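Architecture at a glance
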Amino acid sequence: MLTNRQGHPVTNNQDVRTVGNRGPTTLDNYDFLEKVSHFDRERTPERVVHARGAGAHGYFESYGTVTGEPISKYTRAKVFTNTDVQTPVFVRFSTVVHGGHSPETLRDPRGFAVKFYTEDGNWDLVGNNLKIFFIRDPLKFPDMVHSFKPDPVTNVQDPERMFDFLCQTPESMHMVTFLFSPWGIPANYRNMQGSGVHAYKWVNEEGKAVLVKYHWEPVQGIKNLSQKEADQIQMTDFNHATMDLYEAIERGDYPEWELYVQIMEDGEHPELDFDPLDPTKLWYKEDILWHKVGKMVLNKNPENYFAEVEQVAFGTGVLVDGLDFSDDKLLQGRTFSYSDTQRYRVGSNYLQLPINRPKKHVASNQEAGQMDFRTEFGKHQNPHVNYEPSLIGGLKEAQNPGKEHEPYVEGNVKREKISRENNFGQAGETYRRLNDWERDELISNLTGALATCRKEIQDRMVDMLTQCDKDYGKRIAEGLKKAGEQQDTKGEEAAHQAEQMGHPSDPY
């Protein structure tokens, strides 16, 4: 029987408690908070996920309009409304599952995290290259990553562990379809798209909000690799993407991305066959238009990898005025987890490090902890007062620059899945929209990975992929039949080859 660390039985390990089945997450999610807090502390100092990364400095410029209208109609965030400034940024690209020195050719989602040093403080847009995710409930995040990581006994990556989890997670079929297609191996970071993945909110001066999704599109164009091409590159160099980004910036060939947003009225949208807050779903651009709102240029390499790329710390909760959260459960779970893991990984005062420190003056009553090296305080602040409110020279609350956004929610607090899961519809649509060569790669890559799994896992996967698209499931089933019920993994084959091909040497 599954229990938490206190020995309490876990009666629902699938859903966090929310107001209604799609409402905001409540703070009394003890099992989730304990589970994800422990997960955040599983590795130190290397990141649990996104350990392998590269980064660069640059700037962002807003175009200030949405289809000819002032962008202030939708958001009061100065990073978008003030077109007279270039907002400094630092971007970290990464692979997700593998360790700090793993090859950059491995099949894996890529992180695409942008820290904006805005005039109102930091804004972190923490996303991936792929526009969706495997799961929609944060309670499953530690389980998902554990299944993707090496076996805790052998320390060997085992596809069967991953598919054992995925074959019982039907909403993951959409991400699986992207991941095992060429989109699972971007050619490099400069030719890679980015996405905020989740639905967020924009808030205007009147406190009115709309849902938004963010998309970074590379001006250089998008390029992905076949598995064979990735294998060839890995035989030559396993740092190719980091080197490509560094050398391009050194020679003045600065990579650029344009930022697009999709805008939707906040609400449940019953006319859709999916929930717009579901991070496993796309908002198709033919239905919800893309609007070009700004451009980002990366023009400076880090001076020290550890001080900048390794110690930079992002969090989905780092929003400035005019930006807000949606009720996406996974987003709300990440918002706790990301900043929590940074305090553990880098330290409680990680925001005092130059790479993380806002460009504006900071005045806070938070103090002490390891490595507290503050030297500047409020100009008129009484140094004896580290609390609020105070009549004797303490810090004062800031004036709200606009009307507060006050969404209305009601419902029973419950553990329940959203009502419009539609787990297979978009996965099938993505399969049909792929080019022929991308579809062939998907079938080959997914069949090869599933061939190492036991039959009950294969059968579950074929059943769900058939529900996505009949041709999709049929081709995977046929590929598995040719491969046999189970075969040696590439790793086992490589181990045998190394033994057979090794050349004897005399001792010295």
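How each quantity is defined
Residues numbered from 1 in each chain as written. Predicted model: local features only at pLDDT ≥ 70, side-chain atom pairs only at ≥ 80, totals over all residues. Heavy atoms only, no water. Helix = DSSP H or I, 4+ residues; strand = E, 2+ residues; numbered from the N terminus. Rg over C-alpha atoms; globule rule 2.2 N^0.38 Å. Buried < 20%, exposed > 50% of the residue type's maximum accessible area, 1.4 Å probe, protein only. Areas by Shrake-Rupley, 256 points an atom, 1.4 Å probe, with all protein chains shown as cover. Lys, Arg positive; Asp, Glu negative; His and termini not counted. Charge placed at Lys NZ, Arg CZ, Asp CG, Glu CD. Phe/Tyr/Trp six-rings, centres within 6.5 Å; stacked < 30°, edge-to-face > 60°. Lys NZ or Arg CZ within 6 Å of the ring centre and 35° of its normal. Core = buried A, V, L, I, M, F, W, Y, C linked by side-chain atoms within 4.5 Å. Contact = heavy atoms within 4.5 Å. Expected span 1.5 Å × (residues − 1). Axes fitted to C-alpha atoms, helices over the stretch in contact; angles between N-to-C directions. Parallel < 35°, antiparallel > 145°, perpendicular 65-115°, else oblique. Nonpolar A, V, L, I, M, F, W, Y, C, P; charged D, E, K, R; others polar. Pairing = 2+ DSSP bridges. Salt bridge = Lys/Arg side-chain N within 4 Å of Asp/Glu carboxyl O. 1 Å grid on protein atoms, 1.4 Å probe; cavity = no way out; pocket = protein on both sides within 12 Å on 5 of 7 lines; lining within 4 Å. Points joined across faces, edges and corners; volume = space filled by probe spheres on them.

Turning next to the overall build of the chain. Helices and strands together make up the secondary structure of the chain, namely 14 helices and 14 strands. The C-alpha radius of gyration computed for the chain amounts to 24 Å, which stays within 12% of the reference 23 Å derived for 508 residues, consistent with globular compactness. Summarising its shape, the C-alpha atoms of the chain cover approximately 75 × 65 × 55 Å along the three principal directions. Looking at the chain residue by residue over its 508 residues, the buried ones come to 54%. A total accessible area of about 24,900 Å² is found for the chain, and carbon and sulfur atoms account for 51% of it. Counting 59 positive and 78 negative side-chain charges, the chain places the centres of these two groups 1 Å from one another.

Now for the packing of aromatic side chains. In total, this model carries 22 aromatic pairs according to the counting rule given. When the ring of Phe-93 is compared with that of Phe-112, the centres are 5.0 Å apart and the planes differ by 90 degrees; the resulting orientation is edge-to-face. Of this pair, Phe-93 sits in strand 5 (residues 87-95) while Phe-112 sits in strand 6 (residues 110-118), and the two are 19 residues apart along the sequence. For Phe-93, a relative accessible area of 0% puts it in the buried group. By relative accessible area, which is 1% here, Phe-112 ends up buried. Over the ring of Tyr-117 we find Lys-359, and its NZ or CZ is 4.6 Å from the ring centre. The ring of Tyr-431 has Arg-439 sitting right over it, with the charged end atom 5.6 Å from the ring centre.

Counting residues in hydrophobic clusters, the biggest one holds 54 residues, and the most contacted among them are Phe-163 and Leu-446. Those elements that place two or more of their residues in this core are helix 1 (30-40), helix 3 (141-148), helix 4 (159-166), helix 5 (173-179), helix 10 (425-433), helix 11 (436-450), helix 12 (455-468) and helix 13 (470-483). Here this core takes six residues from helix 12, the largest share from any one element. Every residue in contact with Phe-163, bar those within four places of it in the chain, is listed here: Phe-180, Leu-446, Ala-449, Leu-450, Cys-453, Ile-457 and Met-461.

Note that an α-helix has 3.6 residues per turn; residues three or four places apart therefore point the same way. The end-to-end C-alpha distance of helix 11 is 21 Å, a good match for the 21 Å that 15 residues give at a rise of 1.5 Å each. When we look at burial in helix 11, the residues that qualify are Glu-438, Arg-439, Glu-441, Leu-442, Ile-443, Asn-445, Leu-446, Thr-447, Ala-449 and Leu-450. Taken together, the buried residues of helix 11 touch helix 4, helix 5, helix 6 (227-236), helix 10, helix 12 and helix 13.

Next up on the list: the packing of helix 1 against helix 3. In contact at an axis separation of 9 Å, helix 1 and helix 3 are set at 40 degrees when each is read in the N-to-C sense. With respect to helix 3, the element helix 1 is oriented oblique. Across the interface between the two elements, Lys-35, Val-36 and Phe-39 of helix 1 pack against Phe-141, Pro-142, Asp-143, Val-145 and His-146 of helix 3. Residues belonging to the contact of helix 1 with helix 3 are distributed by class as follows: five nonpolar, one polar and two charged.

Burial along strand 9 (residues 200-203) is two-sided: the face carrying Tyr-200 and Trp-202 and the face carrying Lys-201 and Val-203 are both buried. Between the antiparallel neighbours strand 9 and strand 10 (residues 209-218) lie five residues, among them Gly-207 with a positive phi of about 85 degrees. In the sheet, strand 9 pairs with strand 13 (residues 323-325) via three bridges, with the strands oriented antiparallel. Following the sheet pairing, Trp-202 is matched in strand 13 by Leu-323.

Our next topic: the environment of Leu-2. Looking at the secondary structure, you find Leu-2 in the segment before strand 1 (17-19). Exposure remark for Leu-2: the relative accessible area of 48% places this residue in the partly exposed category. Between the alpha carbons of Leu-2 and Asn-13 there is a distance of 8.8 Å; along the sequence they are 11 residues apart. Those residues in contact with Leu-2 that sit more than four places away from it in its chain are His-8, Pro-9, Val-10 and Asn-13.

Pairs may arise between side chains of opposite charge once their charged atoms sit close together. A complete count under the given rule lists 31 salt bridges for this structure. Where Lys-131 meets Glu-217, a salt bridge forms, and the shortest distance between an N and an O atom there is 3.2 Å. With Lys-131 in the loop between strand 7 (121-128) and helix 3 and Glu-217 in strand 10, the pair connects residues that are 86 residues apart, well separated along the chain. Residue classification places Glu-217 among the buried positions, given a relative accessible area of 16%. As a salt-bridge pair, Asp-278 and Arg-136 come within 3.0 Å of each other at their nearest N and O atoms. A residue pair is termed long-range when its members are at least 10 positions apart, and Asp-278 in the loop between strand 11 (256-265) and strand 12 (290-300) and Arg-136 in the loop between strand 7 and helix 3 qualify at 142 residues. The structure contains a network of salt bridges with shared partners spanning Glu-286, Glu-429, Arg-432, Arg-433 and Asp-469.

A few words now on empty space enclosed by the protein. A probe as big as a water molecule, rolled over the atoms, marks out the empty space that is left. Enumeration according to the criterion identifies two cavities of 30 Å³ or more in this entry. Estimated volume of the largest cavity: approximately 400 Å³. Lining the largest cavity are 28 residues, with Val-49, His-50, Tyr-338, Thr-341 and Gln-342 positioned closest to its centre. Listing elements by their share of the lining of the largest cavity, those giving two or more residues are helix 1, strand 5, strand 6, strand 7 and helix 9 (329-345). Here the element with the most residues in the lining of the largest cavity is helix 9; it accounts for eight residues. Residue classes in the lining of the largest cavity are distributed as 13 nonpolar, eight polar and seven charged.

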